[in-house]
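# Chains, contacts and geometry: an overview
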Amino acid sequence: MAVLSLRLTAPSGFAAQPYPRNRGAGGLVAFSSSSCRAAAGGVTGGPITVAGDPPTVVSAPGRRIVAIGDVHGDLYQTRDALTMAGLLSVEADAHVWTGGRTVLVQVGDILDRGEDEVAILSLLSSLNEQAKSQGGAVFQIIGNHETMNVEGDFRFVDPGAFDECTRFLEYLDECNGNWDDAFLNWVNVAERRKTQNGALPNGDWSPWNFVKKQKGFDARTSLFKRGGPLACELARHPVVLRVNDWIFCHGGLLPHHVEYGIERMNREVSMWMKCSGKDSDDETDIPFIATRGYDSVVWSRLYSQDPAERTPRHVMLSSFIAEQTLKTVGAKGMVVGHTPQIRGVNCKCDGKVWCVDVGMSYGVLHSKPEVLEIVNDRPRVLKKHRDDSYDEMEVLDYL
């Protein structure tokens, strides 16, 4: 797979991202890394390098990789998952990265169904800043619920999430419009602000409270609309990311996506999110192959659907397609989210595809958090209780 290292320049009609956050020239970012031994098997690795803007290919020699599935606005479950994986310590008014040189990948769908979405976006961005100073990194993938919100589709927004948008804009104003300070620190003040405002668990949305509803809707629209500050934050992230020899995406990478061009899709989705849309209402601006349709990158369930719901031919076909896709890009495995797995994190397609969406959010299944850990290309599932952890071969025995 050819890797292009590029830097996007914003043409006329495109909003600049809120702030740079350590972008390197030419789209190649070298994260600071000490000569300490990596967490993975004691292997010493070089610095992490990132090609593409948004990131498309990551070289992270000797790193432990942790993948976390859909979190859907549930800050508590997100923190539990990260703590369980040894990546987070929650202290008084602070969230501290404890993962060292680990690379964390969240595979999308941070938005909708829960009420702490901005706090989770803030948490992951803050942890990334901390991780880079230790030789680690945090990456986020765009999911279908991210693209839906940028399109203005708020059907699955929790009432409390509208309230959070209102509170966040008020906090941004208190920070004198300093986006860097407000966004990165929001996770440390969000819960206190919620208590101070007397917010109810599901939002105070009685039918007669029209003013509050409209205020929340307007706040969310201003943040997530194309060219809005949170849309530009999302635009930093890819729909498909390769870390070492592993592919990470929300729904699934298919052969026609590869033929179209992975970096091209990432770039087009990013530009679409950053574009204010004022110059054109042309719907063809939406990157259809990546964001719309049952076989788009963020919507596909070819690999993640429950085997009980598929015919033997479908199972065989999905395994063949996964094998051919991975062979084409020269990768060893794929990690996807999007479809809640009743049995927890598991692998499908003859062990080629790992499904990490366990429906942990209270707005989905409220299941116990699980994450996938990859060390020296060997995956294993980490669960809430240490005794429940098992490695790849034991997982395969369960299927």
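Before reading on, note that the structure itself is shown above.
The sections below set out a description of the structure shown in this document. All values reported here derive from a predicted model rather than from experimental measurement.

## Notes on the overall build of the chain
When you go through the chain residue by residue, the secondary structure sums to 12 helices and 16 strands. The burial tally for the chain puts 55% of its 399 residues in the buried class. The long-range share in the chain, meaning contacts at least 24 apart out of those at least 6 apart in sequence, stands at 69%. When the accessible surface of the chain is split by element, carbon and sulfur atoms take 53% of a total near 16400 Å².

## Considerations on helix α5 (residues 179-196)
Compared with an ideal rise of 1.5 Å per residue, which puts 18 residues at 26 Å, α5 spans 22 Å between its outermost C-alpha atoms and falls more than 12% short. The principal kink in α5, of about 65 degrees, is found at Trp186. Contact partners of the buried residues in α5: α1 (75-84), β6 (94-97), α2 (117-132), α4 (159-174), α6 (210-224) and α7 (229-234). A side-chain oxygen of the first residue of α5 lies 3.2 Å from the backbone nitrogen of Asp180; this N-cap is Asn178.

## Here we look at the pattern of salt bridges
By the definition in use, this model includes 19 salt bridges. One salt bridge connects Lys194 with Glu115, and the closest N-O pair in it is separated by 3.2 Å. Separated by 79 residues along the polypeptide, Lys194 in helix α5 and Glu115 in the loop between β7 (103-106) and α2 bring together distant segments of the chain. Accessibility classification places Lys194 together with Glu115 in one group, the buried group.

## So, the packing of α1 against α2
Where α1 contacts α2, the two axes come as close as 10 Å, and the packing angle between them is 25 degrees. The angle between α1 and α2 places the two elements in the roughly parallel class. Seen from above, α1 lies across α2 with right-handed handedness. Between α1 and α2, the contacting residues are Leu75, Thr78, Arg79 and Leu82 on the first element and Ala119, Ile120, Leu123, Leu124 and Leu127 on the second. Counted by class, the contact of α1 with α2 contains seven nonpolar, one polar and one charged residues.

## Brief notes about unusual backbone geometry
Residue Pro54 is reached from Asp53 by a cis peptide bond, and omega for that bond is 10 degrees. By secondary structure assignment, the location of Pro54 is in the loop between β2 (49-51) and β3 (57-59). Of note in this structure, His366 is not a glycine but carries a positive phi near 50 degrees. Mapping His366 onto the fold places it in the loop between β13 (353-355) and β14 (371-375). Of note in this structure, Asp377 is not a glycine but carries a positive phi near 65 degrees. What makes Asp377 partly exposed here is its relative accessible area of 32%.

## Concerning a nonpolar patch on the surface
A cluster of nonpolar side chains, Ile342, Val364 and Leu365, forms an exposed patch at the surface whose accessible area comes to about 270 Å². Examined against the element boundaries, Leu365 turns out to sit in the loop between β13 and β14. You can call Leu365 partly exposed: its relative accessible area is 41%.

## Notes on the nonpolar core
By size, the foremost hydrophobic cluster in this structure holds 100 residues, and its most contacted members are Phe248, Leu253 and Val335. If we ignore the near neighbours within four places in the chain, the residues touching Phe248 are Ile65, Ala67, Val105, Val107, Ile141, Val239, Val240, Leu241, Val243, Val335 and Ile374.

## Looking at helix α9 (residues 262-274)
With 13 residues, α9 ought to run about 18 Å at 1.5 Å a step, and its terminal C-alpha atoms sit 19 Å apart, in line with that. Where α9 is concerned, the buried positions are Ile262, Glu263, Met265, Asn266, Val269, Ser270, Trp272, Met273 and Lys274.

## Observations concerning the packing of α2 against α4
Between α2 and α4, the shortest axis-to-axis distance is 8 Å and the interhelical angle comes to 60 degrees. It follows from the interaxial angle that α2 and α4 lie oblique. Facing Glu117, Val118 and Ala119 of α2, the residues of α4 in contact are Ala161, Glu164 and Phe168. For the contact of α2 with α4, the residue count by class is four nonpolar, no polar and two charged.

## What about the packing of aromatic side chains?
Tallied over the entire structure, the rule returns seven aromatic pairs. Arranged with centres 5.4 Å apart and planes meeting at 15 degrees, the rings of Trp179 and Phe183 form a pair that is stacked. Highlighted residues: Trp179 and Phe183, both in helix α5, separated by four residues, approximately one helical turn. With respect to burial, Trp179 and Phe183 carry one shared label: buried. These aromatic residues form a ring-pair network of at least three members: Phe168, Tyr171, Trp179, Phe183 and Trp186. It is Arg220 that lies over the ring of Phe154; its NZ or CZ is 5.5 Å from the centre.

## Regarding the pairing of strand β4 (residues 65-68)
Residues Ile65 and Ala67 point to one face of β4 and Val66 and Ile68 to the other, with burial holding for every one of them. Of the pairings in the sheet, the one linking β4 to β7 comprises four bridges and is parallel in character. Each residue of the ladder has a partner; that of Val66, found in β7, is Leu104. Summarising the sheet, β4 and β14 pair through three bridges and their orientation is antiparallel. When the bridges of β14 are listed, Val66 appears paired with Glu373.

## Considering the pairing of β6
The two faces of the sheet receive side chains in turn, since in a regular strand these alternate between them. Burial along β6 is one-sided: His95 and Trp97 are buried, and none of Ala94 and Val96, which face the opposite way, are. Counting the residues in the hairpin turn of strand β5 (residues 88-91) and β6 gives two residues, including Asp93, whose phi is positive at 55 degrees.

## Some thoughts on the side chain of Gln341
Among the secondary structure elements, Gln341 is positioned in the loop between β11 (333-336) and β12 (346-348). Judged by relative accessible area, which is 6%, Gln341 ranks as buried. When neighbours within four sequence positions are excluded, Gln341 is seen to be in contact with Ser304, Asn346, Lys348, Cys355, Asp357 and Val358.

What counts as what
Residues numbered from 1 in each chain as written. Predicted model: local features only at pLDDT ≥ 70, side-chain atom pairs only at ≥ 80, totals over all residues. Heavy atoms only, no water. Helix = DSSP H or I, 4+ residues; strand = E, 2+ residues; numbered from the N terminus. Buried < 20%, exposed > 50% of the residue type's maximum accessible area, 1.4 Å probe, protein only. Contact = heavy atoms within 4.5 Å. Areas by Shrake-Rupley, 256 points an atom, 1.4 Å probe, with all protein chains shown as cover. Expected span 1.5 Å × (residues − 1). Bend = angle between axes of the 7 residues up to and from the residue. Polar contact = N/O pair within 3.5 Å; in protein donor to acceptor, adjacent residues only side chain to side chain. Salt bridge = Lys/Arg side-chain N within 4 Å of Asp/Glu carboxyl O. Axes fitted to C-alpha atoms, helices over the stretch in contact; angles between N-to-C directions. Parallel < 35°, antiparallel > 145°, perpendicular 65-115°, else oblique. Left-handed = near helix turned anticlockwise from the far one by under 90°. Nonpolar A, V, L, I, M, F, W, Y, C, P; charged D, E, K, R; others polar. Patch = residues over 30% accessible without salt bridge, like charges linked within 9 Å, V, L, I, M, F, W, Y side chains within 5 Å. Core = buried A, V, L, I, M, F, W, Y, C linked by side-chain atoms within 4.5 Å. Phe/Tyr/Trp six-rings, centres within 6.5 Å; stacked < 30°, edge-to-face > 60°. Lys NZ or Arg CZ within 6 Å of the ring centre and 35° of its normal. Pairing = 2+ DSSP bridges.

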